[in-house]
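# What the coordinates show
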Amino acid sequence: MSRQVDTEKVVRQHLDMEGFFAGYVIRSAKSHPSVEPLRGESNEKPPSGSKAGNAAEDLEAIAGEVRQCCKCGLGSTRTHAVPGEGSPTARIMFVGEAPGADEDAQGRPFVGRAGQLLDKIIAACGLKREDVFIGNILKCRPPGNRDPREEEIFNCLPYLQRQIETIGPEVIIALGAHAARTLLETDKPIGQLRGHFHEYSVGIGRPPIKLMATYHPAYILRNYTPETRGRVWEDMKKVLVELGLPVPERGKG
Ligand code: URA
């Protein structure tokens, strides 16, 4: 019986999601001649020796280290490590908490239900998944999807920091409390952190990167209200404006 209710809920959420995040009219970039194109638009491999090519090679080297990593106990419980994926020159980098069961099975970030919602959020912004980079604080799944432990974060965070330094995104979007609190080194609740820009420090001599915190897609699915989705959309619009990208309007469909 409860399984039946769950299935109905999932179907309803899916249909809602289609309407809410897919029903946007994307204003043509042509009507925004000053808009800087996204850096990661091409599917082609960037030439070796170019800035993008070097970044791609550096990211692959980091991914190789992550796949070999056994610095914490998660190295022995994972099926696959999940280094992260996307454009080596992305202007936007999404950072989640840790892989779940689907991600652990495939070795790719955000490919389960939360990932499908993230894809819709990205599409609602007028972007493609390959335009951005998607990573996590932890690169391996904590058993049973428990919260990341301090020593796991301590061991794993340097990989993400190196990915951020390599890509040099203009905006980091921290998905959920764990990502936002870890990157901003704070205990504040996500409700206080979301909705405005913070600064993520990449070290002395380098300008900080703008960081927007928003709700984790899994939280949106659990709290599937117009208010929650509206807040996430407000956060995304601020990011698009910050980057000078066109802000899609809600379509009638
Ligand atoms: N949740 C996360 O935080 N990251 C993933 O990759 C998938 C689900």
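Scope of this entry: the structure provided in the associated data block. In this text, all values refer to a predicted model and were calculated from it rather than measured experimentally.

## Structural notes on the site of the ligand
If you check the shell around the ligand, you find G96, E97, A98, P99, E103, P109, F110, N136 and H216 and nothing else. One of the backbone nitrogen or oxygen atoms of F110 is found 3.0 Å away from an oxygen atom of the ligand. H216 is positioned with one of its side-chain polar atoms (N or O) 2.8 Å from an oxygen atom of the ligand. Notes on the ligand: free accessible area 240 Å², of which the protein chains cover 92%.

## A look at the packing of aromatic side chains
Within the structure shown, the criterion is met by one aromatic pair. Sitting over the face of the ring of Y224, R229 holds its NZ or CZ atom 4.2 Å from the ring centroid.

## Quick notes on the packing of helix α2 (residues 51–68) against helix α6 (residues 150–167)
Axis separation between α2 and α6 bottoms out at 9 Å; the angle between their running directions is 175 degrees. Classified by the interaxial angle, the pair formed by α2 and α6 is roughly antiparallel. Contacts from A55, D58, L59, I62, E65 and V66 in α2 reach Y159, R162, Q163, T166 and I167 in α6.

## Comments concerning the pattern of salt bridges
Think of it this way: side chains of opposite charge can pair up when their charged atoms draw near. Considering all chains together, one arrives at 10 salt bridges under this definition. Note that R194 is salt-bridged to D235, the shortest N-O span being 2.8 Å. Of this pair, R194 sits in the loop between α8 (190–193) and β6 (197–200) while D235 is found in helix α10 (residues 226–242), placing the two residues 41 residues apart along the sequence. The same class applies to R194 and to D235, which are both buried. Ionic contacts of the salt-bridge type, sharing partners, join the residues E85, R108, D119 and R129 into one network.

Conventions adopted
- Once a new chain begins, its residue numbering starts again from 1 and follows that chain's sequence as written.
- Selection of residues for local features in this predicted model requires a pLDDT of at least 70, selection of side-chain atom pairs for listing and counting requires 80 or more, and totals for whole chains, interfaces and linings are taken over all residues.
- Water and hydrogen atoms play no part in the side-chain values, which are based on all heavy atoms of the structure.
- Nearness of a residue to a molecule or strand requires only that one of the residue's heavy atoms be within 4 Å of it.
- Residues adjacent in sequence count toward polar contacts only when both atoms are side-chain atoms; beyond that, a polar contact is any pair of N or O atoms within 3.5 Å, and within protein one must be able to donate a hydrogen and the other to accept it.
- We get accessible surface area from the Shrake-Rupley algorithm with a probe of 1.4 Å; when it comes to residues, only the shown protein chains can shield them.
- Note on ring pairs: Phe, Tyr and Trp rings are taken, using the six-membered ring of Trp, and paired if centres are within 6.5 Å. Classes follow the plane angle, with under 30 degrees stacked, over 60 edge-to-face and the rest tilted.
- Working rule: Lys NZ or Arg CZ, within 6 Å of ring centre, within 35 degrees of ring normal, means a charge sits over the ring.
- Axis geometry follows a simple rule: fit a line to the C-alpha atoms, using only the stretch in contact for helices, then measure angles between N-to-C directions, giving values from 0 to 180 degrees.
- Only DSSP runs of H or I with at least four residues qualify as helices, and only runs of E with at least two residues qualify as strands; both kinds are numbered from the N terminus onward.
- Angle categories are assigned with fixed cut-offs, so that under 35 degrees is roughly parallel, over 145 is roughly antiparallel, 65 to 115 is roughly perpendicular, and the rest are oblique.
- Residue contacts are defined here by distance: any two heavy atoms, one from each residue, within 4.5 Å place the two residues in contact.
- Between Lys or Arg on one side and Asp or Glu on the other, a salt bridge is scored when a side-chain nitrogen of the former is within 4 Å of a carboxyl oxygen of the latter.
- The buried label applies to any residue whose accessible area, calculated with a 1.4 Å probe on protein chains only, is under 20% of its type's maximum; exposed applies above 50%, and partly exposed to all values in between.

Nothing here speaks to function; it is all geometry.
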